[in-house]
Amino acid sequence: MRAAITDAVDHRRAIVLAPFAVLAGIALYRAVPAEPNSFAAAATVVAGLLLVWLARHRYAGVRAAALLTCMLVGFAWPAISAAVWGTHMVTYPGVAVVEGIVADTAWSSSDRQVLFLNRKSDDTDGRLDGVRKLRVTVAGADPVTVGSFVRIRLRYFPVPGPVAPGAYDAQLHGYFDGIGAYASALDPPEVLARGQGIRTAFDALRTTIKQRIEFHLTGSGAAIAKALIIGDQGAVSDEDRDALAKAGLAHVIAISGLHLTLVAGGVFVSLRLLLALSPLSFHWPIKAVAAGTAIFVTFFYLMISAGSIATIRATIMLTLVFLAVMLGRRALTMRNVSIAALIVIAMSPMDSFRPGFQLSFAAVVGLVGCYEALRDRRPADAVTHPAWRYVGGLVFTSLVAGIATAPFAAYHFQQFAPLGVVGNLLAVPLVGMLILPAGFMAVLLMPFGGEGVPLAAMGWGIERVLAIAYWVSAHSGAFTRSPVYGSGTLALVGIGLAWFAFLRHPLRFVGPVLALAAFVTLGPKPEALLIVSDSTKAVAVRYEDGMRLVGSNRSSFTVRAWSDRYGIPLGDLPAIGQCDDMGCAVSLQTQVLGIAEDYAAAAEECFEAGILIARRGAPPTCAAKWVITGADLDRYGVHVISGAWEAPVLEVGMPDTGRPWR
């Protein structure tokens, strides 16, 4: 082990640990119960830099001090970002006429545009003061481009909290993105001034491409074509999305390294071949010219694809690769992965909690690390036939990426893709050889009106990929579901990934194996017994034949999210409980669950219920073992009781009530 660590240090791989140290600092910032003072956090970074200077003459000491400083930077940078770019979070709903500049746009469906509005003024008498940005959903209106100055009459409301403990936290990410409220437009936006500039031009281009795709394609073909070309996944159906995920093909509709590599790499190879066949090859550095053109294509794809975290990471990584090609350096290295990760983290530190960043970063670390291991130990008589190399490479990358991302997919989506290798082996050739090239040609031909044929070919390929996805998902059986995992186990996976990235010795594989074993054995949470929603009156309880809704089985976003997270078809089973206008009562195995709609009903239920949900409060002398009040739900969000009724464990969606995003 000492020899392996010495070898890694001698090869200057300490920088590989820098992003992991920064991520550890960000996780520490997220875990502390109160918001750190930004000046004090910055002072700790200065202290770390001083420690590096003091240890500058010690080979091991300076590296240890540098990694400690990276962790301090990770802790301080979100605190500084919160102080500089944070926003006021709306607490109560209301109606207002708001004027502002459209900072970004997206589509939640084929006819619902989402505007991210930088607020400039309003008529709410100060009720929106301090709110930098609003997320406004507009239905049935003409598309609005980025940069436009608009006036909208809207209904605003607080950013929703997590639907379950550990689930996606819109308040956290909204705060750091400057979004202090969600809103729905009551009237079509009134455009006071059209936007200008490069972002406006690209947004208008994205809208034009969207309209051309919808003119030639319909249904799933149009939805996935828009996802692949302009990054608009709003129209992708839940059924298609679920089938692709179960088949290990969810990455196909999220523009990332695969898409950028195929498009930019195809341009690089094709242009280099054409230049090599021309007289210019005697006078131009054709390899550098092709690499420079590929960088331009990469950034063009980024601009028309709305720039998700995975796309930004892939753009940075590919830019570093092509720059290395231009300079005659080795392109695929773990050092380049680390630099790309540090740039992405610096741009938006809290995006490291998003699934896109974690899945993308884990996949690239796994692929580059395994590529390094194979490159250094490839036998001289290895099979080199192009067909075998392609098939072998496809199987290899699918296996590595699938294993590297499995813990993060299980944690965020409670889903595995047991036949993901089969799905990728069948579908990725179609994506790489037909769908993406056809999409690229369609975009090039759109100015001349010649996009019909390539879009038709793209649609045909998408239909084949979906057929593969549904076939693979149908044969995956019940193995696609995973339990709900605790967030602490992701730290073990991160340590294993850091171990793998840092070492060059075969011992590098020990860390990920141990981390995955610990994740599988220690990670699952106890089974949920009771789930109480904060924003709706939905209550689910474990009954004789599984989880049931209490009082009503009406569907809502929260209920659907619970069904997906806990793997329970809540909307399909009849509701339970003896209910009236005052509340509900449910007899469980060892006690009674009571739901009281007012204080008088709560006082009565206190003598019978072991668990009481008192929406208007309960007497302080209430005899119920567990009392969850409406104030508790407002403050702490969703409540989940898990484990066993004899020794239940309570979790809440928002335990960090003292943080500014609450």
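Thresholds, definitions, all that
- Residues numbered from 1 in each chain as written.
- Predicted model: local features only at pLDDT ≥ 70, side-chain atom pairs only at ≥ 80, totals over all residues.
- Heavy atoms only, no water.
- Helix = DSSP H or I, 4+ residues; strand = E, 2+ residues; numbered from the N terminus.
- Rg over C-alpha atoms; globule rule 2.2 N^0.38 Å.
- Buried < 20%, exposed > 50% of the residue type's maximum accessible area, 1.4 Å probe, protein only.
- Axes fitted to C-alpha atoms, helices over the stretch in contact; angles between N-to-C directions.
- Parallel < 35°, antiparallel > 145°, perpendicular 65-115°, else oblique.
- Left-handed = near helix turned anticlockwise from the far one by under 90°.
- Contact = heavy atoms within 4.5 Å.
- Nonpolar A, V, L, I, M, F, W, Y, C, P; charged D, E, K, R; others polar.
- Patch = residues over 30% accessible without salt bridge, like charges linked within 9 Å, V, L, I, M, F, W, Y side chains within 5 Å.
- Areas by Shrake-Rupley, 256 points an atom, 1.4 Å probe, with all protein chains shown as cover.
- Salt bridge = Lys/Arg side-chain N within 4 Å of Asp/Glu carboxyl O.
- Expected span 1.5 Å × (residues − 1).
- Pairing = 2+ DSSP bridges.
- Phe/Tyr/Trp six-rings, centres within 6.5 Å; stacked < 30°, edge-to-face > 60°.
- Disulfide = S-S within 2.5 Å.
- Core = buried A, V, L, I, M, F, W, Y, C linked by side-chain atoms within 4.5 Å.

### Considering the overall build of the protein chain
Working step 1: What the protein chain contains, in helices and strands, is 21 helices and 16 strands.
Working step 2: For 662 residues, the compact-globule estimate of 2.2 N^0.38 gives 26 Å, and the protein chain sits close to it at 27 Å.
Working step 3: Considering only C-alpha atoms, the protein chain reaches an extent of 90 × 65 × 55 Å along its principal axes.
Working step 4: Here the protein chain holds 662 residues, and the buried ones make up 48% of them.

### Some points on unusual backbone geometry
Working step 1: The backbone phi angle of Gln414 is positive, close to 50°, even though this residue is not glycine.
Working step 2: Relative to the helices and strands, Gln414 resides in the loop between helix H14 (386-413) and helix H15 (420-445).

### What about the packing of helix H9 (residues 257-276) against helix H10 (residues 286-304)?
Working step 1: Contact geometry for H9 and H10: axes closest at 8 Å, N-to-C directions at 150°. In this view, H9 runs roughly antiparallel relative to H10, as classed from their interaxial angle. H10 is crossed by H9, and the crossing has right-handed handedness. Packed against H9, whose contacting residues are His259, Leu260, Val263, Ala264, Val267, Phe268, Leu271, Arg272, Leu275 and Ala276, the element H10 presents Ile286, Lys287, Val289, Ala290, Ala291, Thr293, Ala294, Val297, Thr298 and Tyr301 at the interface.
Working step 2: Partitioned by chemical class, the residues of the contact of H9 with H10 number 15 nonpolar, three polar and two charged.

### Brief notes about a nonpolar patch on the surface
Working step 1: Residues Leu50, Trp53 and Leu54 make up a contiguous nonpolar surface patch of about 350 Å² in total accessible area.
Working step 2: With respect to the helices, strands and loops of the structure, Trp53 is situated in helix H3 (residues 38-54).

### What to know about helix H17 (residues 488-502)
Working step 1: Here H17 is 15 residues long and its end C-alpha atoms lie 22 Å apart, about the 21 Å a rise of 1.5 Å per residue gives.
Working step 2: Listed in full, the buried residues belonging to H17 are Thr489, Leu490, Val493, Gly496, Leu497, Ala498, Phe500, Ala501 and Phe502.

### What about the pairing of strand S5 (residues 179-185)?
Working step 1: Among the seven residues in S5, five count as buried, and that is most of the element.
Working step 2: Here strand S3 (residues 133-139) pairs with S5 via five bridges, running parallel. Bridge pairing links Arg135 to Tyr182 in S5.
Working step 3: Where strand S4 (residues 149-157) meets S5, four bridges bridge the pair, whose relative direction is antiparallel. Considered in S5, the bridge of Arg155 is made with Ser184.

### A few points about the packing of aromatic side chains
For any pair of aromatic rings, the description rests on two quantities: the centre-to-centre distance and the angle between the ring planes.
Working step 1: Applying the stated criterion across every chain, the model contains 14 aromatic pairs.
Working step 2: Geometrically, the ring pair formed by Tyr29 and Phe75 is edge-to-face, given 6.3 Å between the ring centres and 75° between the ring planes. In this pair, Tyr29 sits in helix H2 (residues 18-31) while Phe75 sits in helix H4 (residues 59-85), placing the two residues 46 residues apart along the sequence. For the pair shown, Tyr29 and Phe75 are each scored as buried.

### A word on the environment of Gly637
Working step 1: With respect to the helices and strands, the residue Gly637 is situated in the loop between helix H21 (630-636) and strand S15 (639-644).
Working step 2: Gly637 gets classed as buried once you look at its relative accessible area, which sits at 1%.
Working step 3: In this structure, the C-alpha to C-alpha distance between Gly637 and Asp534, residues 103 residues apart in sequence, is 5.0 Å.
Working step 4: In contact with Gly637, other than residues within four places in its own chain, are Asp534, Asp632, Gly653 and Met654.

### Section: the side chain of Arg548
Working step 1: Of note, Arg548 is situated in strand S9 (residues 546-549).
Working step 2: Relative accessible area serves as the criterion here: at 11%, Arg548 is assigned to the buried category.
Working step 3: The residues contacting Arg548, other than those within four sequence positions of it, are Val539, Ala540, Val541, Tyr543, Leu570, Leu573, Pro574, Ala575 and Ile576.

### What to know about the sheet that holds strand S8 (residues 539-543)
Working step 1: Here five strands make up an open sheet; going across it, the order is S9-S8-S7-S15-S16 and the pairing antiparallel. The open sheet is flanked by S9 and strand S16 (647-652), the only strands paired with a single partner. Neighbour-to-neighbour, the strand axes of the sheet open up by a mean angle of 20°, direction not taken into account.
Working step 2: Pairing geometry for strand S7 (residues 528-532) and S15, over four bridges, is antiparallel.

### Quick word on the side chain of Ser533
Working step 1: Position of Ser533 relative to the elements: it lies in the loop between S7 and S8.
Working step 2: Taking relative accessible area as the criterion, Ser533 reaches 1% and is therefore assigned buried.
Working step 3: Not counting the four nearest positions on each side in its chain, Ser533 is found in contact with Ala538, Thr558, Trp562, Leu633 and Val638.

### A look at the pattern of salt bridges
Working step 1: Across all of its chains, the model carries 23 salt bridges by this definition.
Working step 2: For Asp104, the salt bridge is made with Arg199, and the minimal N-O distance between the two is 3.6 Å. Taken together, the residues span a long stretch of sequence, with Asp104 in strand S1 (residues 94-109) and Arg199 in helix H6 (residues 198-216) at a distance of 95 residues.
Working step 3: By relative accessible area, which is 28% here, Asp104 ends up partly exposed.
Working step 4: A salt bridge links Arg354 to Asp177, with the shortest nitrogen-to-oxygen separation between them at 2.9 Å.

### With respect to the state of the cysteines
Working step 1: Counting across every chain of the model gives two disulfides.
Working step 2: The disulfide partner of Cys579 is Cys584, and the gap between their sulfur atoms is 2.0 Å. On the sign convention where negative means left-handed, the S-S torsion of about 115° between Cys579 and Cys584 marks this disulfide as right-handed.
Working step 3: For Cys584, a relative accessible area of 12% corresponds to the buried category.

### Topic: the nonpolar core
Working step 1: Within the largest apolar cluster, 60 residues are counted, with the highest numbers of intra-cluster contacts made by Tyr29, Phe176, Met334, Val337, Phe357, Phe361 and Val365.
Working step 2: In contact with Val365, other than residues within four places in its own chain, are Met334, Val337, Leu497, Phe500 and Ala501.
Working step 3: Ile224, Ile229, Leu244 and Ile255 belong to the second-largest nonpolar core, a separate cluster that totals 53 residues.

### Quick look at the environment of Val73
Working step 1: Relative to the helices and strands, Val73 is located in helix H4.
Working step 2: Separated by 47 residues in sequence, Val73 and Ile26 place their C-alpha atoms 8.4 Å apart.
Working step 3: Those residues in contact with Val73 that lie beyond four places of it in its chain are Val45 and Pro78.

### Some thoughts on H4
Working step 1: Taking 1.5 Å of rise per residue, 27 residues should cover 39 Å, and H4 covers 38 Å from first to last C-alpha, within 8% of that figure.
Working step 2: Buried-residue contacts for H4 involve H2, H3 and helix H5 (170-176).

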